[in-house]
Amino acid sequence: MHFDAFDRYHEKESFLHRLDPRVKALLTIIFIVSNALLPDGAWLAFVCAWLFLNAANLFSQLGIGYTFKRSIVALPFALIAVTVLFSIPGKPLYTFQFFMSTLTVTDAGFLRFVSILIRSWLSVQMAILLVAVTRFPDLIHALEHLKVPAILTTIIAFLYRYLFVLIDEVSRLLRARESRSGAAAGNRSGGGVFWRAKVAGNMAGQLFLRSYERSDRIYNAMMSRGYSGHLYTLNPHEMKPRDYYVTAFAIAVIFIVQVVGRF
Amino acid sequence: MHFSPTPLHIPDGFLSVAISVVCWVITIVTLSLAISKTNKALGEKQIPLMGVMAAFIFAAQMINFPVAGGTSGHLLGGALAAIVLGPWAAMVVMTAVVAVQALLFQDGGLLVMGANILNMGLVTAAIGYGLYRAVAGQSKAVKLGVAGIAAWLSVMAGALLTSLQLWLSGTSQLGIVIPAMLGVHSLIGLGEAFITVAALSFIIQTRPDLLGEGSESAKGGRGWVVAGGVIALAVVLLSPFASGNPDGLERVAIDMGFIDSGQSAPYSIIPDYTLPFLGETALSTIMAGVIGVIVVGAVIVLIGRGMKAKA
């Protein structure tokens, strides 16, 4: 497996790709906070935020529908918010039978439900776009500039660096289990649920020991190369005038979205 | 490769700004304490160890085992990490895992990441370690049993906190979200408990030095026993209280100004999550919980059968 097998970065030479990672991370967070601050039913503001998102998509050269296609990941969670459809008092819109009870969808409940989904849907798309136009190591580095403690960002960088190694390791464990779990046609392989849980647990324990010992070897290798508790980068980030212009412009747009949402 | 997103990863948009910020504050305070503690204990070794351990949790979440009807159990890892690495280290490790899940895979939001770290990393570690530490020096069987209970409770605590945050944000209704979340997670928690116990038993057999006296995991103070015990007790006591008597919690919320208007359900499947013929007792709530679990389990098995038939 390649070391950046998990990066969602798409190699392009777009305006958004060349922007400083700090600017991209900061604007994504501001956009998400702005969505959360918009009141329920601020349809015009939601449309403005959506246009802003599409403009960002366009400037990334990934195509306008790019983030839309991948935004389905947050959909299952919508189930959690379903109860607001019925629980907020308001004018009844639709009544139906569900098992032994009668459910009534109210207009206020519907408004709140749709607003929650739109907020979530807009936010997740911007987060998808962020990792599509920023290499993950750059993103981590940007977080460090944005005052996330260096220890945490370095640990995250290590997690990312060794993730593919351990995924390879776990794939070998899973393959070994598969290849030893043969069964005659029509028969189930393996024992009961407890037995299977025990096998999975032993695999987790095995993986833990291999990881633990690997971290020891990594530490020794780092020590022998002069590690003293600090990591250096050959890729210092520099803010260019363009980065400041984009930041100012995007914040102005998001501010306007907020104003539109309040009137 | 496959991921199993659980209903504990809250996406952006589902929590109000106020709740998100409160959770971030709690998370940041706890985490800065955790970082300074682990830094003192491990020094420069901290980074490679924690980074690889975080990658371990990520990879270990891929190990699953078939349960029934196409569903599978798998590990979340908070309790296991706390037991083998110590509570502070586990908190840092779980934070890194939750952060990468959100940043790279959009499994969980960014503004709500503080809440997700709190639910899946901090509370799970506190319970997992606190309960396990309480039986230090006991026999192996007792330790493993308690580790299993701790793992199950850590998942339940995460689910309970998530429900409360969703309710306080006005996204879900308390009387529905708590029984639903706790019902589903009482099953997910069983998978967590089995794998945690088996993994621990394996580690104790092969590398007893990692968990013995003088190891990193034995250094935590007795304060953890109190902290873990209190949170675990809160989960056990609050669940029937919250689902059986939401008025009490809502009263508190109204007094504190959380709720704008009283919300009442115009429907009821099991009224107030108690069974009428048993009366308003804890037994009744527990029975309602058990029935909920059986219903949820049956639905999951049926869905699993359906998916298997199609495949």
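Residues numbered from 1 in each chain as written. Chains lettered and ligands numbered in written order. Predicted model: local features only at pLDDT ≥ 70, side-chain atom pairs only at ≥ 80, totals over all residues. Heavy atoms only, no water.

Enquirer: Please clarify how the overall build of chain B should be interpreted in this entry.
Expert: Counting its secondary structure elements, chain B contains 10 helices and 2 strands. Moving toward the C terminus, one meets the helices and strands of chain B in the order α-α-β-β-α-α-α-α-α-α-α-α. For chain B, the proportion of its 311 residues judged to be buried stands at 57%. By element, 70% of the accessible surface of chain B is carried by carbon and sulfur atoms, the whole surface being about 11,900 Å². (Helix = DSSP H or I, 4+ residues; strand = E, 2+ residues; numbered from the N terminus. Buried < 20%, exposed > 50% of the residue type's maximum accessible area, 1.4 Å probe, protein only. Areas by Shrake-Rupley, 256 points an atom, 1.4 Å probe, with all protein chains shown as cover.)

Enquirer: Which parts of the structure should I look at to understand the overall build of chain A?
Expert: Along its length, chain A carries 11 helices and 2 strands. When the helices and strands of chain A are read in sequence order from the N terminus, they spell out α-α-α-α-α-α-β-β-α-α-α-α-α. Expressed as a percentage of the 263 residues in chain A, the buried residues total 48%. By sequence separation, contacts in chain A at least 24 residues apart represent 75% of the contacts at least 6 residues apart. Accessible surface, chain A: about 13,800 Å² in total, of which carbon and sulfur atoms supply 66%. (Contact = heavy atoms within 4.5 Å.)

Enquirer: Whenever I open this one, the confidence of the model for chain A confuses me. Can you help?
Expert: Low pLDDT means the predicted atomic positions in that stretch should not be read closely. Mean pLDDT over chain A stands at 85; residues scoring 70 or higher make up 95%. Within chain A, the element-level pLDDT minimum falls on strand β1 (residues 92-98) of chain A, averaging 73, and the maximum on helix α2 (residues 21-37) of chain A, averaging 93. (pLDDT = per-residue confidence, 0-100.)

Enquirer: When you look at the pattern of salt bridges in this model, what are you seeing that I'm missing?
Expert: A pair can form between side chains of opposite charge whenever their charged atoms are brought close. Evaluation of the coordinates by the stated rule reveals 11 salt bridges over all chains. Of the charged contacts in the structure, one is a salt bridge between E169(A) and R172(A), with a shortest N-O distance of 3.3 Å. Here R172(A) and E169(A) lie together in helix α9 (residues 150-179), a separation of 3 residues that amounts to about one turn. Between D209(B) and R207(B) there is a salt bridge, and its shortest N-O distance comes to 3.0 Å. According to the relative accessible area criterion, D209(B) is partly exposed, its value standing at 46%. Members of the salt-bridge network, linked through shared partners, are E169(A), R172(A), R210(A) and R214(A). (Salt bridge = Lys/Arg side-chain N within 4 Å of Asp/Glu carboxyl O.)

Enquirer: Help me understand unusual backbone geometry, please; the structure alone is not making it clear to me.
Expert: Phi is mostly negative for residues that are not glycine, and the peptide bonds are mostly trans. Of note, K147(A) is a non-glycine position whose phi angle comes to about 75°, a positive value. Inspection of the secondary structure assignment puts K147(A) in the loop between α8 (136-145) and α9.

Enquirer: Which parts of the structure should I look at to understand the side chain of R214(A)?
Expert: Residue and element names in this part refer to chain A. By the secondary structure assignment, R214 is in helix α10 (residues 193-224). For R214, the side chain forms a polar contact with the side chain of E169, separated by 3.1 Å. The contact partners of R214, leaving out residues within four places of it in the chain, are V165, L166 and E169. (Polar contact = N/O pair within 3.5 Å; in protein donor to acceptor, adjacent residues only side chain to side chain.)

Enquirer: I would appreciate a short explanation of the interface of chain A and chain B in the present structure.
Expert: A common way to state how big an interface is: give the accessible area lost once the parts meet. Facing 79 residues of chain A, the contacting portion of chain B comprises 72 residues. Between chain A and chain B the total buried area reaches about 6,900 Å² when both faces are included, carbon and sulfur atoms providing 79% of it. At the boundary of chain A and chain B, one finds 2 salt bridges. We note a salt bridge from D216(A) to K45(B), for which the minimum N-O separation is 3.0 Å. Put simply, the parts of the chain that give the side of chain A that touches chain B at least two residues each are α2, α5 (78-81), α6 (84-87), β2 (101-106), α7 (107-133), α8, α9 and α10 of chain A. Among the elements that take part in the side of chain A that touches chain B, α10(A) stands out by supplying 24 residues, more than any other. (Buried area = accessible area lost by both parts, 1.4 Å probe.)

Enquirer: Sorry, what's going on with the side chain of T154(A) here?
Expert: Relative to the elements of secondary structure, T154(A) occurs in helix α9. Accessibility expressed as a relative area gives 11% for T154(A), which makes it buried. Contacts of T154(A), omitting those with residues within four sequence positions, involve L231(A) and I47(B).

Enquirer: When you look at the packing of helix α3 (residues 43-59) of chain A against α7(A) in this model, what are you seeing that I'm missing?
Expert: In helix packing, the relevant descriptors are the interaxial angle and the interaxial distance, both defined with respect to the helix axes. All names here are of chain A. One way to put it is that α3 packs onto α7 with a least axis distance of 11 Å and a crossing angle of 15°. For the element pair α3 / α7, the angle class is roughly parallel. Considering how the two elements wind past one another, α3 and α7 form a crossing that is left-handed. Contacts from W43, F46, A49, W50, F52, L53, A56 and N57 in α3 reach L111, V114, S115, I118, R119, W121, L122, Q125, M126 and L129 in α7. Classifying every residue of the contact of α3 with α7 gives 14 nonpolar, 3 polar and 1 charged. (Axes fitted to C-alpha atoms, helices over the stretch in contact; angles between N-to-C directions. Parallel < 35°, antiparallel > 145°, perpendicular 65-115°, else oblique. Left-handed = near helix turned anticlockwise from the far one by under 90°. Nonpolar A, V, L, I, M, F, W, Y, C, P; charged D, E, K, R; others polar.)

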